[in-house]
Amino acid sequence: MATYHGNVTSMAQGGPTADAPVIRKIGLSELHRALQRGWEDFKAVPTHAIILCIIYPVLGLMLARAVHGYSVIPLLFPLAAGFALIGPFAALGLYEMSRRRERGEEATAWDAIEVVRSPSFGGMLGLGVLLLALFVTWVATAQALYIAAFGYEGASGISDFATRVLTTSQGWWLIIVGCGVGFLFALVALCISVVSFPLMLDRHATAGEAMVTSLRAVARNPVPMAAWGLIVALLLAAGTLPFFLGLAVVIPLLGHATWHLYRETIEPELNPQPLPPRAHRERKPAADFPANLFPWRQKDSA
């Protein structure tokens, strides 16, 4: 009878079984708290966060140059918007740093890279590939929509593209349909990944278990999760200015905040399973670089 009562209580709190993660009912205040704590994490380790995320503004500049150079300007916005689809996977190191700070441990760039040694990294990689496939499909769909509206003739420049989109009926059709389709892609990514990667990092769940938990979290908190998706979209849009450089701040902020959103949404594990200790890896000073890349030569010289 006690077991039955415990299962009923767990189901009422968002968990279908006693072993499944228990999902809390959250509100907008929890979103604000997650962003606030994410900002605190970013301020505590800003240099490391920017180093981890410098690829984003660099990639953005490369995309902008490639788009302009090859006269495929219509793909610039879909590529920039696609950051929201692959961001949850790319922020793995940020989750690890927030997790370590939460436990009072050292949080450095080296510690962030240690996420690849997680027992569930294979599942993270698999889900990351799924998000990448979603990103590629979105870009292909956006290109198909543009071709359906304007044909295969490319825009001669940004002003020409803006005139086509903003002053023609085909352009407004493209805006309305493109935003609608993009919303569906973003919704799918949000539903399957909003707490998936932090859950795999924290509890070493499988990719399937993490996605199911993420879907349950969205189903239990539809309004706050929709608000979170809007916050992510607005911050990423702001981060593209100027020339995508703002993403160096926006991406780490969202990465740290996502970890804290996971903490706000999922009840802590009552009886965590201990993992075997990782083998100690010696940290070598930067002054030894690049000699530390060739340890056998150091042994010979010794």
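All residue numbers refer to position in the chain's written sequence, counted from 1. Given that this is a predicted model, residues contribute local features only at a pLDDT of at least 70 and side-chain atom pairs are listed and counted only at 80 or more, while totals for whole chains, interfaces and linings are drawn from all residues. Only hydrogens and water are set aside; all other atoms, that is, all heavy atoms of the structure, feed into the side-chain values.

Engineer: Whenever I open this one, the nonpolar core confuses me. Can you help?
Structural biologist: Counting 57 residues, the largest nonpolar core has V194, F197 and W228 as its most contacted members. Here V194 is in contact with A189, S214, V218, M225, W228, T258 and L261, once residues within four sequence places are set aside. Remark: nonpolar core denotes a set of buried residues (Ala, Val, Leu, Ile, Met, Phe, Trp, Tyr, Cys) joined through side-chain atoms within 4.5 Å. Burial status follows relative accessibility: with a 1.4 Å probe on protein chains alone, a residue under 20% of its type maximum counts as buried, one over 50% as exposed, and anything between as partly exposed. Formed by nine residues, the second largest nonpolar core is a distinct cluster that contains I73, A149, F150 and F161. The criterion used for residue contact is that any of the two residues' heavy atoms lie within 4.5 Å.

Engineer: I tried to follow the packing of helix α2 (residues 28-44) against helix α15 (residues 247-265) on my own but got confused; where do I start?
Structural biologist: A pair of packed helices is characterised by two quantities: the angle between their axes and the separation of those axes. Viewed as axis vectors pointing N to C, α2 and α15 meet at an angle of 125 degrees, and their least axial separation amounts to 7 Å. Here α15 runs oblique to α2, going by the angle between their axes. As α2 runs across α15, the sense of the crossing is right-handed. Mapping the contact onto sequence places E30, L31, R33, A34, L35, R37, G38, W39, D41 and F42 in α2 and A248, V249, P252, L253, H256, A257, H260, L261 and E264 in α15. Only Asp, Glu, Lys and Arg are considered charged, only Ala, Val, Leu, Ile, Met, Phe, Trp, Tyr, Cys and Pro nonpolar, and every remaining residue, Gly among them, polar. Considering only residue class, the contact of α2 with α15 consists of 11 nonpolar, three polar and five charged. Comment: axis = line fitted to C-alpha atoms, over the contacting stretch for helices; angle = value between 0 and 180 degrees taken between N-to-C directions. Strands here are runs of E lasting at least two residues and helices are runs of H or I lasting at least four, both read from the DSSP assignment and numbered beginning at the N terminus. Each angle receives one of four descriptions, namely roughly parallel if under 35 degrees, roughly antiparallel if over 145, roughly perpendicular if within 65 to 115, and oblique otherwise. By definition, any crossing whose near helix is turned counterclockwise from its far helix by less than a right angle is left-handed, and any crossing with a clockwise turn is right-handed.

Engineer: It is not clear to me how the pattern of salt bridges should be interpreted in this structure. Could you clarify?
Structural biologist: Where charged atoms of side chains with opposite charge meet at close range, the side chains can pair. Basic side-chain nitrogens of Lys or Arg form a salt bridge, by our definition, when they fall within 4 Å of a carboxyl oxygen of Asp or Glu. Under the defined criterion, the tally for this structure stands at 12 salt bridges. Ionic pairing is found between R37 and E264, a salt bridge with its closest N-O pair at 3.2 Å. Taken together, the positions of R37 in helix α2 and E264 in helix α15 put the pair 227 residues apart, joining distant regions of the chain. Overall, E264 belongs to the buried group, its relative accessible area being 10%. Put simply, D41 and R101 hold a salt bridge, and the shortest N to O gap is 2.3 Å.

Engineer: How do you make sense of the packing of aromatic side chains when you look at a structure like this?
Structural biologist: Aromatic ring pairs are described here by two measures, namely the spacing of the ring centres and the angle between the planes. Note on aromatic contacts: the rings of Phe and Tyr and the six-membered ring of Trp form a pair at centre separations within 6.5 Å, being stacked when their planes are under 30 degrees apart, edge-to-face when over 60 apart, and tilted otherwise. Considering all chains together, one arrives at six aromatic pairs under this definition. Measuring from centroid to centroid gives 5.9 Å for F89 and F197, while their planes differ by 55 degrees, and the two rings are tilted. Taken as a pair, F89 in helix α6 (residues 83-90) and F197 in helix α12 (residues 196-203) lie far apart in primary sequence, 108 residues in all. Of the aromatic side chains, those joined through ring pairs into one cluster are Y146, F150 and F161. Whether a charge sits over a ring comes down to the Lys NZ or Arg CZ being within 6 Å of the ring centre and within 35 degrees of the ring normal. Its end group placed over the ring of F150, R164 keeps NZ or CZ at 5.9 Å from the ring centre.

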